[in-house]
Amino acid sequence: MKWFTDPDEVAEERAAAAALRRLPVGGRVVAICSGAGGVGATSIAAGIGATLAALWPGRIAYAGLLSAPPIAGVHVAAETMWTDQVTLDAVVELRDRHSVLLLDLGVHASRTTRILLSTADRIIVVTDEDGLGEERALARVNTAAPATKRTVAGRPGQSTPDRFDIPSDKAFAQLDAELLERAKPATCRALLRLAAWCV
């Protein structure tokens, strides 16, 4: 992995890596959503999944409202959750069998999305450099899961303790098992910090 290439960021990366040495007690559910299509919610979900799976192969699960990309070391739920018949049992079963369950909810604002948001321990709202859809997504999160810990990811130049800057990276044009091998070192470091926040 390409974690520690920038000497100025070594301390921050070591802190994130140290946080990821311990598996969460009980399954952790992390929901990733957005307020606009095409801003990278699935890319960030796949990147977090690949990052966590590099450390804990076989302990990470991914489920989404659409077909999920293949991610090395991640159990990808075969069925999509794009239905109002989704039960919490499906989420509970995946959470109980894995240390971290990533729910890729994308831009959808259905009853199912509200139910799935309410199951999350952490919520990531994905936006672009212009903040496209951020307010809409945060309003949805505040309604469905007002007390859940949340952050915003993907807005370059806005990285703060409660926001994560995820660089634009051509490696995400193809979400597959080699994603992190193609990604820029800065992208890998940003995903490591975001993954540490998730757990």
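Predicted, not measured: the structure shown is a model, and the values here were computed from it.

Cut-offs and rules
- Residues numbered from 1 in each chain as written.
- Predicted model: local features only at pLDDT ≥ 70, side-chain atom pairs only at ≥ 80, totals over all residues.
- Heavy atoms only, no water.
- Pairing = 2+ DSSP bridges.
- Helix = DSSP H or I, 4+ residues; strand = E, 2+ residues; numbered from the N terminus.
- Contact = heavy atoms within 4.5 Å.
- Axes fitted to C-alpha atoms, helices over the stretch in contact; angles between N-to-C directions.
- Buried < 20%, exposed > 50% of the residue type's maximum accessible area, 1.4 Å probe, protein only.
- Polar contact = N/O pair within 3.5 Å; in protein donor to acceptor, adjacent residues only side chain to side chain.
- Salt bridge = Lys/Arg side-chain N within 4 Å of Asp/Glu carboxyl O.

Trainee: Before we go on, may I ask you to explain the sheet that holds strand β3 (residues 74-76) in this structure?
Mentor: Hydrogen bonding along the main chain pairs the strands of a sheet, whether they run parallel or antiparallel. A sheet is described by the order of its strands in space; here 7 strands give the open sequence β3-β2-β4-β1-β5-β6-β7, paired in parallel fashion. Strand pairing shows two members of the sheet lacking a second neighbour, β3 and β7 (163-164), which therefore form its edges. Bridging between strand β2 (residues 60-64) and β3 involves 3 bridges; their strand directions are parallel. Residue pairing in the sheet places A61 in a bridge with H75 of β3. The strands touched by helix α7 (residues 185-198) within the sheet are β1 (28-34), β5 (122-126), β6 (149-153) and β7, with β5 carrying the most contacts at an inclination of about 145 degrees.

Trainee: I'm lost on the environment of G49 in this one. Help?
Mentor: In this structure, G49 sits in helix α2 (residues 41-55). Discounting chain neighbours no more than four positions away, the residues touching G49 are I60, I71, V74 and L102.

Trainee: Would you take a moment to explain the side chain of E134 for this structure?
Mentor: With respect to the secondary-structure elements, E134 resides in helix α5 (residues 134-144). Note on E134: relative accessible area 7%, which makes it buried. At 2.6 Å, the side chain of E134 forms a polar contact with the side chain of R163.

Trainee: Help me understand the pattern of salt bridges, please; the structure alone is not making it clear to me.
Mentor: Should the charged atoms of two oppositely charged side chains come close, the side chains can pair. The final tally for this structure, using the stated rule, is 4 salt bridges. The salt bridge partner of E134 is R163, with a shortest N-O separation of 2.6 Å. Linking E134 in helix α5 with R163 in strand β7, this pair joins segments that are 29 residues apart in sequence. For R182, the salt bridge is made with D176, and the minimal N-O distance between the two is 2.9 Å.

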